[in-house]
Every structure is written in C-alpha cells, then in structure tokens.
Amino acid sequence: MNNLQQKAQQLLESGNYGLIVGYEKGTSGKARPVFIRKAEHASKLIFDESCDQNIAVYLYRQEIKHDKKKVIVANHHTLKSIVELAAENQVFDGDFMVLAFAENGDIIELNTFKEIEKHVATLYHGLTEAEAAMMKKIEDMSLEDRWAFWENEFSKCIKCYACRASCPMCYCPTCTVEINQPQWISVPSHTLGNLEWHVMRAMHLAGRCVTCGQCGKACPLELPIQLLTYKVALDSKQFFDSVAGTSICADNALAIYKPEDHENFIR
Amino acid sequence: METNNTNSFEPKVVAFVCNWCTYAGADLTGTSRIKYATNVKIIRFPCTGRIDFMLLMKAFANGADGIIISGCHPNDCHYTSGNFHARRRWMIFRNLLDFIGMDVNRIVFSWVSAAEGAKWAEVVNESVDQFRQLGPATAYQKLIKNSEFQEVE
Amino acid sequence: MERKLLTKDSYRSLITKLIGQNYQVVAPVKKDTMIDFLKISSFDEITEDYIVTVSSAKTVAFPRNEKLFDYEKQNKKLTQQDYDFDSIPQSVLIGVRPCDAFGFHSLSSIFCWDSIDKIYTTRLERTTIIGLSCNKADDYCFCTSAKGSPGSTAGSDILLTKMTDGNYIVEIVTEKGAKLVADFSDLFTADGGADKESLLAKVAANFSVDDVLAKINSKFEDEAFWTEQAMRCIGCGACAYVCPTCACFDIQDESHGGKGHRVRCWDSCGLSLFTLHTSGHNPRENQGQRWRQRLMHKFSYMPDRLNTIGCVGCGRCSRACPVDMNIAEHCMSIIEN
Ligand code: SF4
Ligand code: SF4
Ligand code: SF4
Ligand code: SF4
C-alpha cells in the first residue's frame, strides 16, 4: 500500500470521512475517477502522471454535494478549479477535505479554502509549452488560414456536450444551448451552429477558465476547443490582470470593470 | 480579401445602439438633415450593457456584412456602468473572433452621445465604406448555406 | 457461403471504378487526428490502420443531421418542399468492421418497428456494405461476448478478410453483395482456400450477453446499484452519438424569417434534458436513472420487444467516454451483483 492508499484507509476507518473521490486505474492504463466508500477499497486509489483529469466537477454533483464527509484527491487542475468554484460560491468551505501532493510526493491535507488558496499560489499558472506552441501556431496563421482551421474543426463537432459536461466551470443548471425561446444555439450540429456554440462557451468562460484543458481532453472527436477558452483566459490576464483559480474571493473579470480599462478600437 | 464588385456591392449593416446616447444622437443627425448612408438597420437597446455578443453572432448568421455598436461615452452611461461592462466584453469578444479567423473590421465600435449627430453620420458613412471595401461576408455566407443544408460549392 | 479472392490491385480497381461510376463511396479516412467514415474521391484516402472508427457506420443511414423538408411562408401561403428521395445516392460503404455491420440489424429493428422509417430504409437499401474482418483488437472490444466475432459476416453484404500477402478473402453474404461481385466479376478470382480463422484478431469472451439479459430486469428496482454504477458518468451524449445501435433523435425546426426546414438530429438518453417535461418534472432526474435506461434499453427492452440486442460489443462508447465508463465492465457487474 502506498501512502495515499494508507491515508485513505485511515480516513475512512476513522469514521470522520465517508467518501473519497480520486483516481483508479481504468481501461488500457488510463486513469479514471473513482468513488471509494469502504476502507477495504482504498487500495484501488492511484495517483500518477496518468491522473491529469480535472475531477472538480464531482464536488457539486447532486448525489454527493451535501455529503460533508467527503475527501477529494486533487491534481493541480482540480485544485485551481476548486478555488474558482469557491470564488463563484459553487462549493462551500468545510464541505470537503482535499488531499494534494507536494513535489516530493508527500500528501498535503487541505481543510479550508484559505489553505487551498495558499497551496494553489505555489503552483504554476499558465499554459504548458506544448499548449503555448499550439496557441502560437494558430495566432501566427493568416486570418484566412485561421478561419479555415476552425471551420474544419467546428465541422466535426457532433454536439455531444462532453466538453461542457466535464468542465467544472460549466455548472449552469440551464445552459444557453438549452434555451429554446429564442433558440440561441442550433440543436443540429452544423458548422455555423457549432461555431456559435463554441464562441458562446468561450465567452461564458472568460475570466473563469483555469486552463486545465479538460474540455479538449473530453472531446471524442478531438477538437482542440480548449484553445478557445485559453484565448479568453490569456486575454483576461493581459487586459484585466485576472487569472481564474488563484483567489477564493476575486470577482469575475467580466462582472466588474475599471474606468481606466484600456482598448484601442472604439471610435 | 474580397475586392471584386466593391463598387456595386452594398453591405447589409446592423447597428446596435443604446437608447440614451447614440439613438438620440442618430435622431439629431436626422433632425439636423445630415445625409448619411442608408444601409443601416438600427436596433435600439436600453444600454450597451444589454448588447449580448450572441446578438451580434445572430446578425452575422442572418446575413449582415457589418455591424456597428454604439453607446454613451464612458462616464455618461444612463445606468452608470453599462458601457464599462460592455467595453470589457467587447475587448474579449473582439480578440476571440480574431482568433477564430473572423475579420474584426466587420464590427465597428463607437461612443456617440446625444449631441453628436454629426459624429453618428461620420461613423456610419465610414463604417459602410469600410464594409464595402471588405466586400460581402462570403466566409460566413458559406456557413449559412451549409446550415440550411444547401449544397455548398 | 461463396468465397472468392480479391487481390490488392483489384481492390484498388474496384474502388476506383465505383467512384468513377458515381457511387458515393464512404470509407475510413484519417482526418486530422482521427479515423472516421468519410466520403472519398480516391482510393488512396482509405486507411486500414484502425481498430474501429470513432463514429459508427450508422451515419450513412442515420446521419447526425437529416433535413426532412423545407417550408416557406409567403403572403399567408405556406408551401412545403418534401423530402427528395432521389437525392439519396447509391452508396458503397467500405471497411466496415463486423460489429458495426451487425449494428445495422439493431438499428433497423428500431427504424422499422411499428412504422417504417422511409428515409432510413431507403438510405440503407441504396447502400452496399463491404465489411472488413478485424485483424487486431484492443481492450475495449468485446464482440465475442455480444454474439459477434472479428470475422462475423452478419450485416455485411460482402466481407473481406485481409491475408498476409495483402490480398483479400471475399465472402459473398447477401444478394446485394453477389450483385456487386457480378457487376465487377473480372476483378474477383477463384478462392485460394486460405484459412480465415487464423487471420482474425483474438477477442476473449469475458462474459455472455445472455447472462446480462437474464439478470438485468431483476436489477431494475435497485436504485443504489445504478446510482453507484453511474457515479462517474457526467451525462453527455458521447456514448450514444458514437454507438452503432443508438437511434434516439430530436426533431427541430430551423427558420430564418418565413423560410425554414425541419431537421432530425441525434439525441441521447444520457442528457438530463432528454426526459424533462414542460411542467419541470423530470422522470429520470439523476444520472443513475439515465444510465439504467441506457443499459435497460440495450439489454432488456430491445431483446424483449424487437428480438435483438442493442449492443454489438464494439466498445466505441467506452473509448469515447470522457470518464472511461467501460460498458463491458458494467455488464459484468450486472451479472455479478
Ligand atoms: S465534446 Fe467535442 S464533439 Fe462534443 S460538443 Fe464538445 S466539441 Fe463538440
Ligand atoms: S480548459 Fe476547458 S474544462 Fe478546463 S476550465 Fe477551461 S473551459 Fe473548463
Ligand atoms: S453500447 Fe457501446 S459497445 Fe455496445 S454497440 Fe453501442 S457503442 Fe458499441
Ligand atoms: S457514459 Fe460516458 S459518454 Fe456516456 S453519458 Fe456518461 S460520461 Fe458521457
């Protein structure tokens, strides 16, 4: 048993905690979310490089939302999302404990939002090199090529909404795509409607996206849609110095303003 | 870039304006008998803060070649801060459109107060010229046709 | 079953001729990062480097968007342009894995249940399915547990099995298949008698779908079981949209001004809105109930009412699932619990 499994076992045996949300080994060496309720199942838990999925989405899941004896095993994506969800009042202080990891692999227990926020401050916020390279590749294209690139990508989207379902920040009980009076977003998955759907989603994530990439990882057709929300995230930082997932009390970038906000395109 | 037919082409333009400043300003343009381009369909909103980006997307989806958005100058908003909020949204939105390869020159943003009848005429005329230069929004029209399940090309 | 041989060069000629004769040829194509069924215009676009395509072959008969008719209102007068059946092309679908081909059986049982869906059936009638046996499989495949096999001919009009020399064993399964072979008879030569079985992928049968069928009804009332089974499921449409047997659809009108059209597009029982009533009541209010519906539909309702199973063991849903809901594992837990 490794230290995570031991820790989980202790927590469950103590009776103070009744549920551990973490990762287990899934099909073909993939990691997947798991829900452990019994101490004897603690040995299923894993935590390694394969565990890069953001699982913060489960914290507000109907079935366990009000369970105050839960623990979540959090990677850095999940941690940032917890901070952002806290800022948006979607999760509540004291409703769960977080098990995070120090660089040397030691388990860190985080019990309050303040502690989580402090720990998250020590993490890297920004795109990985590979992600930054993808952004640059697109930004360096001519306008026509960019359009062609996205037109091709959007044409593949089947509107399964796996991206939305796996994004912790897409928690609206009724999404704009579900509004049909008027019908803002087409239900059929044609390129125009798909473009509107992804522009809409990106706009609604401005200042809120923690750049975890989960939406892109979830897409069965492998659309790199995370780049759209990365774009609004990078712009929110550049224009408004707002980085989602860093502060438990920050206001959303598009919900506030400064009189001195500077643009160069309004006549 | 579309350059053909720029002379005969008359762009379809939608203007989203706020009730308190630009709409009143446009009224003044009329009562002052200043002549300006007639391509524009004006849609009046209570405030620029109410002009959701989806409305702009819908204008393009319904065949607009260009869009003008206009409201009160900063600090003049009838509701104090609607235009400040709108400005932030446009900053993000405009860059996002650029990122997906839309020509952001198809959207013109301006502050036109109730007293600036002449500025409104100028904004409209220059925007229409700019849109005429850009030509029809063919890239978008292709998507519209495709969304209607018409054969494309 | 009649067998023939098709050399790799003849295969190329066959596809090239079909394209030349204006057949719509749909084949697995590598596009960007994925391999999926796409219309091709040259033999070279085809790839055989896949276990299964991301989306299923069902798109040929049940595309993700299908325009049903156009309408236009002018001066209070409504005109309607009906579905143009002539627009449905003669198609040849190639590279279809046996699981996918068998999926049409389940799909047809739904579309031809009480009333016949003319669009679906016409599309399928005008499609000749050239299957391709599997020579490799992955951890998601479980056709052998679901009454299929890597070399099953069921559902294909012709089944090809690739030999080590790159040529193909041809099995002529249906009359439609026989007609295609007859039309291009000069390309097909006499069967060399190669052993097909040895060329096929090995897929272990870890359970029997009959046991799932026998057990699942007794699990219906066990809410706790379904809640726990579906804890991971985040309720998207990915699994249903890629599934070769999922047939649920939505009907939508899209109009601009007085003009518009009605479209049929995919829908999924995994989405929370699927059963939401106008009153606000949702009879399947949690994901456990939705997941139960998905499995009950496949392993109880379809066998009971349509005499077919709703799962062919292709494993697509599990590959597409963002949280690795592996349906074979879920079948096994139904048997075990
Ligand atoms: S997950 Fe992919 S296919 Fe599904 S809606 Fe999102 S972008 Fe489209
Ligand atoms: S990267 Fe995608 S999944 Fe992650 S927070 Fe941003 S929008 Fe949500
Ligand atoms: S339920 Fe899954 S494994 Fe079964 S046929 Fe559908 S996609 Fe394939
Ligand atoms: S099983 Fe997976 S693909 Fe299907 S609805 Fe649940 S999360 Fe989505």
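Residues numbered from 1 in each chain as written. Chains lettered and ligands numbered in written order. Predicted model: local features only at pLDDT ≥ 70, side-chain atom pairs only at ≥ 80, totals over all residues. Heavy atoms only, no water.

Caption draft 1: Layout of the overall build of chain B. In terms of regular secondary structure, chain B is built from 5 helices and 4 strands. For chain B, the C-alpha radius of gyration of 16 Å lies close to 15 Å, the compact-globule estimate for 153 residues. A principal-axis box enclosing the C-alpha atoms of chain B has dimensions of 50 × 35 × 25 Å. The buried share of chain B, reckoned over its 153 residues, is 56%. In chain B, once contacts between residues fewer than 6 apart in sequence are set aside, the share between residues at least 24 apart is 80%. Just so you have it, chain B exposes about 6,500 Å², and 48% of that area is on carbon and sulfur atoms. Across chain B, the mean location of the 16 positive side-chain charges is 5 Å away from that of the 15 negative side-chain charges. (Helix = DSSP H or I, 4+ residues; strand = E, 2+ residues; numbered from the N terminus. Rg over C-alpha atoms; globule rule 2.2 N^0.38 Å. Buried < 20%, exposed > 50% of the residue type's maximum accessible area, 1.4 Å probe, protein only. Contact = heavy atoms within 4.5 Å. Areas by Shrake-Rupley, 256 points an atom, 1.4 Å probe, with all protein chains shown as cover. Lys, Arg positive; Asp, Glu negative; His and termini not counted. Charge placed at Lys NZ, Arg CZ, Asp CG, Glu CD.)

Caption draft 2: Broad picture of the interface of chain C and chain B. Taken together, the contacts link 6 residues of chain C with 5 residues of chain B. Across the chain C/chain B interface, buried area totals approximately 490 Å², and carbon plus sulfur atoms make up 57% of it. The largest per-residue losses of area from chain C upon contact with chain B belong to Lys-67, His-256 and His-261 of chain C, which jointly make up 76% of the total buried on that side. Linking chain C to chain B there are 0 salt bridges. Linking chain C with chain B are 1 residue pair in polar contact (both at pLDDT 80 or more), by the criterion used here. Contributions of two or more residues to the side of chain C that touches chain B are made by strand S4 (65-74), strand S11 (249-256) and strand S12 (259-266) of chain C. Looking at the side of chain C that touches chain B, its residues break down into 1 nonpolar, 3 polar and 2 charged. (Buried area = accessible area lost by both parts, 1.4 Å probe. Salt bridge = Lys/Arg side-chain N within 4 Å of Asp/Glu carboxyl O. Polar contact = N/O pair within 3.5 Å; in protein donor to acceptor, adjacent residues only side chain to side chain. Nonpolar A, V, L, I, M, F, W, Y, C, P; charged D, E, K, R; others polar.)

Caption draft 3: A look at the site of ligand 2. Residues in close proximity to ligand 2 include Cys-167, Arg-201, Leu-205, Cys-209, Val-210, Thr-211, Cys-212, Gly-213, Gln-214, Cys-215, Thr-229 and Tyr-230 of chain A, which together make up its full environment. Its residues assigned to classes, the shell around ligand 2 comprises 7 nonpolar, 4 polar and 1 charged. (Near = heavy atom within 4 Å.)

Caption draft 4: Quick look at the sheet that holds strand S10 (residues 189-190) of chain C. All names here are of chain C. Pairing is mixed across the open sheet formed by 8 strands, whose spatial order is S3-S2-S6-S7-S8-S9-S1-S10. Looking at strand neighbours, the two that pair on one side only are strand S3 (34-39) and S10, the edges of this open sheet. Relative to strand S6 (residues 91-96), strand S2 (residues 24-31) is paired through 3 bridges, and the arrangement is parallel. Residue Val-25 lies in a different strand from S6, and its bridge partner there is Val-92. Here helix H4 (residues 175-183) sits on the sheet and contacts strand S1 (2-6), S6, strand S7 (127-132), strand S8 (158-162) and strand S9 (168-172); the angle it forms with S7, its principal contact strand, is near 90°. (Pairing = 2+ DSSP bridges. Axes fitted to C-alpha atoms, helices over the stretch in contact; angles between N-to-C directions.)

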